[in-house]
Amino acid sequence: VGGGSAVSLSRQVQGTGGSSAVSKCSAAARGYIQDRFLRLLAGRRRRRAPLIHRGYYIRARAVDHCVQDFLLKTQSLPRTQILSLGAGFDSLYFRLKDMGLLHHTVVYEVDFPNVACQKATLIKGMKELSALVGDTGGEGLGAITFSGEDYKLLGVDLSELSELERILKEAGLNNEIPTLFIAEVVLTYMENTRSDALIEWAAEHFPQACFLVYEQVHPEDPFGHVMQQHFNQLNTALHSLAQYPDCEAQQRRFLGKGWTECSVMDMNEFFTCCIPEDEQQRVQTLEPFDEYEEWHLKCSHYFVLAASKGMEPSWTPLLPRVTVPRHAGPVGMAGSVPAAVCARLSGIPGLRRYGHRSVLIKPNVILTTGGFGEEDGQHCRMRNFHVLSKRAGCWEAVCVTQNSPDKRWGERLYHTVSCLSDTLALVVGGRASPSSAGLGMLWLKFPKTCNASGPDDVAVELVSLQPAAEAAVLRWRHSTTEMTFKGEQYLFVYGGRSALEPVLGDWYFLHTPELSYTAIAVEGPVPESRHSHSACSWEGGVLIAGGLGAAEQPLGSVFLLRELEHGFQWQTIETHPSLVPR
């Protein structure tokens, strides 16, 4: 590429470091990470979303886990060093120094020359930072923009390996002592031939070393496509993904480039295995959060890798590694269900949504309510109802008017809808914001005579409940299942979560049609509390499967609420093969 393009590209990559510092600073301000130096280095302040906070929290934990492991394993040695590649405005050195962990360790940071110069200026201009480094006795020289006794800040392009090697030598890097290399979302911005050369160079020239990488994986699925699109729009393409698309490929990469040991895990596994349970619970309660699907997806698309050579790997999981079973071959099936894509519907506004509920209100007529999606060109909580109807073998979609003058429907996600007759459906629970209380119950009423394509409008009416039944509805991500007991019709409301409780394990029997709370005896071992599970009527009882438990881990358990003469009994159902946690 021409010089101008290369300069422009390097500027875009440099921008990711500043953005990362702002996100880390926001996470620290909300209590996710304890780091008083981030606000000094980040420059600008900006409040990020809870999902971003969690992402930067787990990234910081992964790096700290490996760094402290390295320092612990080398604490008896006279000298060690840390080389942070593409360090940006990271605060690692200042945190370690402040904690008294650098008695015999020198930290070298490398980034583009203008990033290193900006950071050097920041440090010199802030007493809180410069006091920790100590007096350098003058300005930095050439590529060495800042030089303290145990801290060197170098301005050099990582892709220029011979120049990097020369400047590191000039700054005092010692090939013969234990060295930890850190590359936190750095290598992927380089051409693969250059990043491979850097990995191989480190293995060849440092007989005792560890190499820590935090980066993206899985470009092939929808989340991976969006992830790549995001970075492409920033003009910071992720080069590693095509050649090293998964954790196993990254592991082979390092073992093939001279490293003798290599451990790697995605961030779902890291969160489970390397973060203590009490710390997991602390993080989960820091701010209202309900984006579990995105959180698990994001964690499955990032990994942490620790390679080593000539020394113990910088890696100590707190728990045995647990791998969610991945079914490479065909999954065992009891039967098959034919399915066809309604291709013609893909372009109709309002159908792209999640957190909604669809219910069959009469043969070939499906009503969809709520959720989050696209409406009038905006991403928002969905206000309109949609009806899908099948006529002459083709599905059609129409938007339906709500007959609700006081807008009592609101905008709800993760509710349930149960169709009780041709003219009546019941909405239970749901939420607007994760910090608000759960929403109550509503009747959806359809005209007695409506055409084959479904109702033209839907009346929305509040349900007046007995006080004993109110607790049943102030929840979301629950299940509501129609069932019969002793010839009477009931709705069985189970699990979910609320603004106060991150996971619920209670249940309610609501007698229809008046929705009175009825106490019915239930015996047997109570299932683990859960939300985001599925449930259906089966053999007179209710079958519950999967969901997320209290630890925010997907569950693979299946339970049957089995009918007895005097009530019900919880019964564990064994499946073969076992259900993939979901």
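Just so you know, these numbers come straight off a predicted model, no measurement behind them.

A. Highlighting empty space enclosed by the protein. On inspection of all chains with the given rule, the structure shows one cavity of 30 Å³ or more. Taken as a whole, the largest cavity encloses approximately 40 Å³ of empty space. What lines the largest cavity is Met267, Asn268, Phe271, Trp295, His296, Cys299, Glu552 and Gln553. Sorting the residues of the lining of the largest cavity by element identifies α12 (267-274) and α14 (292-300) as the ones contributing at least two each. Among the residues forming the lining of the largest cavity, the class breakdown is four nonpolar, three polar and one charged.

B. Fine view of the environment of Glu565. You can see Glu565 is positioned in the loop between β27 (558-563) and β28 (568-572). Judged by its relative accessible area of 75%, Glu565 is exposed. Note: C-alpha distance between Glu565 and Lys486 (79 residues apart in sequence) is 8.6 Å. The residues touching Glu565, leaving out its near neighbours within four places in the chain, are Phe485 and Lys486.

C. Representation of the nonpolar core in the model. Val67, Ile82, Phe94, Met267 and Phe270 are the most contacted members of the largest nonpolar core, which has 67 residues in total. The element contributing the most residues to this core is helix α3 (residues 50-73), with 10 residues. Ranked by size, the runner-up nonpolar core spans 36 residues in total, among them Ala171, Val186, Leu187 and Ala202.

D. Seen up close, unusual backbone geometry. A cis amide bond links Thr512 with the next residue in sequence, Pro513, at an omega value of 10°. Turning to its location among the elements, Pro513 is positioned in the loop between β22 (507-511) and β23 (516-518). A cis amide bond links His576 with the next residue in sequence, Pro577, at an omega value of -5°. Positionally, Pro577 belongs in the segment after β28. Not every positive phi belongs to a glycine, and Lys486 is a case in point at roughly 50°. Structurally, Lys486 can be placed in the loop between β20 (479-485) and β21 (488-494).

E. Spotlight on the pattern of salt bridges. The final tally for this structure, using the stated rule, is 27 salt bridges. Two residues, Asp64 and Arg95, come together in a salt bridge whose shortest N-O distance is 3.0 Å. Separated by 31 residues along the polypeptide, Asp64 in helix α3 and Arg95 in helix α4 (residues 92-98) bring together distant segments of the chain. Judged by its relative accessible area of 14%, Arg95 falls in the buried class. One network of salt bridges, with partners in common, ties together Asp290, Glu293, Arg431, Arg477 and Arg497.

F. Up close: the confidence of the model for the chain. Chain-level pLDDT for the chain is 87 on average; 89% of the residues reach the 70-or-more range. pLDDT under 50 marks residues 1-9. Its contacts with residues more than four places away, or in other chains, come to three contacts.

G. Expanded view of the pairing of strand β2 (residues 105-111). In terms of residue burial, β2 counts as a mostly covered element, since six of its seven residues are buried. Handedness of the crossover is the feature at issue here: the chain leaves strand β1 (residues 80-85), passes through α4, returns alongside β2, and the resulting connection is right-handed. When β2 meets strand β4 (residues 151-155), the two strands line up parallel, connected through five bridges. Considered in β4, the bridge of Val110 is made with Leu154.

H. Region of the structure containing helix α7 (residues 161-171). Every buried residue of α7 is accounted for by Leu164, Ile167, Leu168 and Ala171. One side of α7 holds all its buried residues, which, seen down the axis, span an arc of 100°. Looking at α7, the residues exposed on the side facing more than 90 degrees away from the buried face are Ser162 and Lys169. Next to the buried residues of α7 lie β1, β2, β3 (144-147), β4 and α8 (192-205). Positive backbone phi, at 105°, marks Gly172, one or two positions downstream of α7.

I. Inspection of the side chain of Glu109 at higher detail. Among the structural elements, Glu109 can be located in strand β2. When its relative accessible area of 1% is taken as the criterion, Glu109 is described as buried. Side chain to side chain, Glu109 and Lys119 meet in a polar contact 2.6 Å long.

J. Up close: the sheet that holds strand β9 (residues 353-354). Reading across from one edge, β9-β12-β13 is the order of the three strands in this open sheet, with antiparallel pairing throughout. At either end of the open sheet lies a strand with only one pairing partner, and these are β9 and β13 (378-381). For β9 and strand β12 (residues 372-375), the ladder comprises two bridges, and the chain directions are antiparallel. Across the sheet, the residue bridging to Tyr354 is Phe372, located in β12.

K. Representation of the sheet that holds strand β25 (residues 534-538) within the structure. Overall, mixed pairing links the five strands, which are arranged β24-β28-β27-β26-β25 in an open sheet. Every other strand in the sheet has two partners, leaving β24 (522-523) and β25 as the edge strands with one partner each.

L. Local environment of the packing of aromatic side chains. Scanning the entire structure with this criterion turns up 27 aromatic pairs. Aromatic side chains Phe181 and Phe206 sit 5.1 Å apart centroid to centroid with 85° between the ring planes, which places their arrangement in the edge-to-face category. You can see Phe181 sitting in strand β5 (residues 179-184) and its partner Phe206 sitting in the loop between α8 and β6 (209-216), a full 25 residues away along the chain. The pair formed by Phe181 and Phe206 is uniform in burial state, with each residue classed as buried. Note on Phe492 and Tyr494: the rings are 6.3 Å apart at their centroids and 5° apart in plane angle, and the pair reads as stacked. On the basis of relative accessible area, Phe492 is assigned to the buried category, the value being 0%.

M. A look at helix α9 (residues 222-233). The terminal C-alpha atoms of α9, which comprises 12 residues, lie 17 Å apart, in line with the 16 Å expected from a rise of 1.5 Å per residue. Looking at the buried residues of α9, the elements they touch are β6, α10 (240-243) and β8 (302-309). The first or second residue beyond α9 is Asn235, which carries a positive phi of 65°.

Conventions we followed
- Each chain carries its own residue numbering, running from 1 in the direction its sequence is written.
- Only residues with pLDDT of at least 70 get local features here, since the model is predicted, and only at 80 or more are side-chain atom pairs given and counted; chain-wide, interface and lining totals rely on the full set of residues.
- Calculated side-chain values reflect all of the structure's heavy atoms, with hydrogen atoms and water omitted.
- With a 1 Å grid spanning the protein atoms alone, the term cavity applies to any set of points in which a 1.4 Å probe fits but cannot get out, the term pocket to an open set with protein on both sides within 12 Å along at least five of seven lines, and the term lining residue to any residue with an atom within 4 Å of a point.
- Grid points are joined across faces, edges and corners, and a volume is the space filled by probe spheres set on the points.
- Labels follow the DSSP assignment, with helices taken as runs of H or I lasting at least four residues and strands as runs of E lasting at least two, numbered in each case from the N terminus.
- Following the grouping adopted for this structure description, the nonpolar residues are Ala, Val, Leu, Ile, Met, Phe, Trp, Tyr, Cys and Pro, the charged ones are Asp, Glu, Lys and Arg, and the polar ones are all others, Gly among them.
- Categorising residues by exposure relies on relative accessible area from a 1.4 Å probe, with only protein chains included: less than 20% of the type maximum marks a residue as buried, more than 50% marks it as exposed, and the intermediate range marks it as partly exposed.
- Residues are treated as being in contact if the distance between any of their heavy atoms lies within 4.5 Å.
- Among buried residues, the Ala, Val, Leu, Ile, Met, Phe, Trp, Tyr and Cys ones that are joined through side-chain atoms within 4.5 Å form a nonpolar core.
- For salt bridges, the criterion is a side-chain nitrogen of Lys or Arg within 4 Å of an Asp or Glu carboxyl oxygen.
- Known as pLDDT, the predictor's per-residue confidence is scaled from 0 to 100.
- By definition, the crossover connecting two strands over a helix is right-handed if that path, from the first strand to the second, turns clockwise as seen with the strands pointing away from the viewer.
- Pairing between two strands requires that DSSP report at least two bridges joining them.
- Read the arc as the range of directions from the helix axis to the C-beta atoms.
- Whenever a nitrogen or oxygen atom comes within 3.5 Å of another N or O atom, the pair is scored as a polar contact, on the condition that within protein one atom can donate a hydrogen and the other can accept it, and that pairs from neighbouring residues in sequence are kept only if both atoms are in side chains.
- Classification of ring pairs uses Phe, Tyr and Trp, with its six-membered ring standing for Trp, and accepts pairs whose centres are within 6.5 Å; under 30 degrees between planes counts as stacked, over 60 as edge-to-face, and the remaining range as tilted.
- An expected span of 1.5 Å times one less than the residue number is assigned to each helix.

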